[in-house]
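# Coordinate analysis (summary)
The lines below spell out each chain.
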Amino acid sequence: MMCRRCFVGLLFSVEVALAVNAQLVDKVELYSGLSVRPSGTMPVDAHNWRKGDVLFFEPLDMNVKGFKSRLTIESDTTALVTLPRRMREGEYQVTLHRGSQQQCLGKTFLRVPDVFPHGTPVAAHRAVWDAPGSAPNSRKSVSLAIDLGIHACEIDVWRTTDGKLIVNHDAVFQGILLQNASYEEVKPLRLSNGETIPLLSEMLDMIKPADVKLNLMIEIKRNKSEEQNMALVEDVVRMIKDYGLQDKVCFLSFGYTICERLVQLLPECTVYYIEHMTRDTTKRGKPYYEGPGIVPFPQLKASGITGISLGPGLVFVRHPEWVEQSRGEGLKLSCCVVSDPENIIKSNNLNADILVTNTPVLAQRIYLHYKRNQ
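Since the structure is predicted, the reported quantities are computational estimates derived from the model, not experimental observations. Chains are numbered independently. Their residues run from 1 in the order of the written sequence. It should be noted that, the model being predicted, local features are given only for residues of pLDDT at least 70 and side-chain atom pairs only at 80 or more, the latter also being counted only at that level, while totals for whole chains, interfaces and linings use all residues. Values shown for side chains rest on all heavy atoms present in the structure; no hydrogens or waters enter the calculation.

## Regarding the packing of helix H10 (residues 341-349) against helix H11 (residues 360-372)
Note the cut-off: In this analysis, axes come from line fits to C-alpha atoms, helices being fitted only over the stretch in contact, and the angle between any two N-to-C directions falls in the range 0 to 180 degrees. A run of DSSP states H or I qualifies as a helix once it reaches four residues; a run of E qualifies as a strand once it reaches two. Both are numbered from the N-terminal end. Each crossing is labelled by how the near helix is turned from the far one, with a counterclockwise turn of less than a right angle marking it left-handed and a clockwise turn marking it right-handed. By definition, residues are in contact when any of their heavy atoms lie within 4.5 Å. In this count, Pro and Cys sit with the nonpolar residues alongside Ala, Val, Leu, Ile, Met, Phe, Trp and Tyr, while Asp, Glu, Lys and Arg are called charged and the others, Gly among them, polar.
Contact pair H10 / H11: the axes reach a minimum separation of 10 Å and the direction vectors enclose 35°. Crossing handedness for the pair H10 and H11: right-handed. Only Leu362, Ala363, Ile366, Tyr367 and Tyr370 of H11 make contact with H10, whose side of the interface consists of Pro341, Ile344, Ile345, Asn348 and Asn349. Tallied by class, the residues present in the contact of H10 with H11 amount to 8 nonpolar, 2 polar and no charged.

Dropping the structure here:
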């Protein structure tokens with residue numbers, strides 16, 4: 001038979017275990033890999049923060065000193081940690097303390113670089129479409145981007161057979177091949193939020209006011225014929241000049257000749273060539289540039305193209321050396337399309353020139369961390 005003292009001790013052990021493993025918050029994001037500045041701040045996000053919550057950062061390296069910080073609650077889901085003046089780079093186990101209760105939130109790696117990155121401005125891929133009442137490349141999605149305060153929206157432009165410049169991502173929309181359709185055929189089509197397919201002129205009207213800080217990153221879609229490509233480029237350039245918005249637009253395209261022509265007609269604007277791989281990029285140990293896809297960086301620079309757009313699979317996995325190689329040629333870097341926290345953070349640590357993303361709210365939060373800690 002268990003004595004009273006043992007029984008009370010068992011109850012106490014159970015209570016402590018319950019307190020340590022309490023479910024206090026959920027949907028935790030620790031932003032592992034983030035660059036931080038001693039005495040600065042860093043975001044830690046979760047649902048259900050409470051006033052008085054404290055985070056303990058316990059280093060996994062015994063030579064690094066841990067620290068604790070009371071959270072500054074910005075909302076029910078967002079909080080800021082104030083970092084100590086003396087801290088070192090390393091991996092930390094993070095525990096939330098709320099009164100007598102504790103919850104292990106997981107591990108995070110905090111970078112303490114000698115030179116703090118300036119971060120990477122955000123461009124919403126197809127604008128801010130993942131929100132109620134919105135749709136990709138819609139007027140609503142651009143309006144939301146203006147409200148969010150991000151740097152730019154990436155939009156996609158086609159030309160109808162009668163010369164109308166329309167905004168849509170896919171070549172075929174609801175069974176209609178847009179580049180071979182008249183505007184009369186396109187007008188009845190509806191986006192998922194009920195809007196008609198926008199005209200480029202409508203998007204330009206939205207960003208033209210001086211108090212609107214949003215820029216447009218215009219992807220010139222590659223058509224089936226070079227004649228269509230050049231007609232599209234020339235009509236877009238003409239419209240940008242008519243609006244006088246050269247300082248609020250940049251361009252990108254998978255088409256190398258499209259990028260070359262843009263540079264010739266609008267040399268004052270940034271033009272990103274989108275690098276992609278349609279086949280193995282090495283042949284007998286040497287770069288393999290034949291066929292569509294890869295253009296040597298010196299050739300891009302010589303043609304006047306000002307930037308290169310690399311996807312996360314290239315820039316972070318298969319060819320990280322391309323970052324330094326492109327910069328060695330003086331090319332700007334666009335990371336496209338980068339939507340997960342890990343790669344958004346990597347893009348900011350790289351000081352990429354722009355980040356194209358499907359998660360602009362998350363990307364903007366991370367970017368503002370870098371701006372706040374300059």
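On we go from here.
## Observations regarding the environment of lysine 51
Positionally, lysine 51 belongs in the loop between strand S2 (41-47) and strand S3 (54-59). Each C-alpha atom, one on lysine 51 and one on arginine 98, is 9.1 Å from the other, the two residues being 47 residues apart in sequence.

## Focus: helix H6 (residues 256-265)
This is how it is decided: Exposed residues in this analysis have more than 50% of their type's maximum accessible area, buried residues have under 20%, and partly exposed residues fall in between, with area computed by a 1.4 Å probe over protein chains only. Arc, as used here, means the arc of the directions from the helix axis to the C-beta atoms.
Within the sequence span of H6, burial applies to Tyr256, Ile258, Cys259, Leu262 and Val263. All buried residues of H6 fall inside an arc of 160° around its axis, so they share one side. Looking at the buried side of H6, the elements it contacts are strand S14 (215-220), helix H5 (226-243), strand S15 (249-253), strand S16 (271-274) and helix H7 (297-302).

## Concerning the pattern of salt bridges
What counts here: Basic side-chain nitrogens of Lys or Arg form a salt bridge, by our definition, when they fall within 4 Å of a carboxyl oxygen of Asp or Glu.
Evaluation of the coordinates by the stated rule reveals 13 salt bridges. For arginine 238, the salt bridge is made with aspartate 235, and the minimal N-O distance between the two is 2.6 Å. Placement of the pair is arginine 238 and aspartate 235 together in helix H5, with a separation of 3 residues, close to one helical turn. Judged by its relative accessible area of 46%, arginine 238 falls in the partly exposed class.

## Details of H11
Each α-helix turn comprises 3.6 residues. Residues three or four places apart therefore point the same way. Cut-off, in case you're wondering: Expected helix span is given by 1.5 Å per residue-to-residue step, counting one fewer step than there are residues.
Across its 13 residues, H11 extends 18 Å between first and last C-alpha, which sits within 8% of the 18 Å expected from 1.5 Å per residue. Elements that come into contact with the buried residues of H11 comprise S2, strand S6 (78-82), strand S9 (122-125), helix H2 (139-148), H10 and strand S21 (354-357).

## Section: the nonpolar core
We apply this condition: In these notes, a set of buried Ala, Val, Leu, Ile, Met, Phe, Trp, Tyr and Cys residues joined through side-chain atoms within 4.5 Å is what counts as a nonpolar core.
Membership of the largest hydrophobic core comes to 90 residues, with the highest contact counts inside it found for Trp49, Leu55, Leu200, Ile218 and Phe251. A per-element tally of this core places H5 first, with 7 residues. Once residues within four sequence positions are removed from consideration, leucine 200 is found in contact with Ile155, Val157, Leu165, Val167, Ile218, Val236 and Met239. Counting residues in each nonpolar core, the second largest holds 12 residues, with Leu178, Tyr183, Leu189 and Leu191 among its members.

## Side note on the packing of H2 against helix H4 (residues 200-207)
Angle between the axes and distance between the axes are the two parameters that describe a pair of packed helices. Stated formally: An angle counts as roughly parallel when it lies under 35 degrees, as roughly antiparallel when it exceeds 145, as roughly perpendicular when it falls between 65 and 115, and as oblique in every other case.
Interhelical geometry of H2 versus H4 gives an angle of 20° and a closest axis separation of 11 Å. Relative to H4, H2 is oriented roughly parallel. Taken as a pair, H2 and H4 cross one another with a handedness that is right-handed. Facing Arg139, Val142, Ser143 and Ile146 of H2, the residues of H4 in contact are Glu202, Met203 and Met206. Residue composition of the contact of H2 with H4, by class: 4 nonpolar, 1 polar and 2 charged.

## Overview of the sheet that holds strand S8 (residues 101-110)
Short version of the rule: Strand pairing is assigned whenever DSSP detects at least two bridges linking the two strands.
The antiparallel open sheet is built from 4 strands, whose spatial order is S4-S3-S7-S8. Edge positions in the sheet fall to strand S4 (67-70) and S8, since each has one partner strand and no second. Sheet twist, expressed as the average angle between the axes of neighbouring strands with direction ignored, equals 25°.

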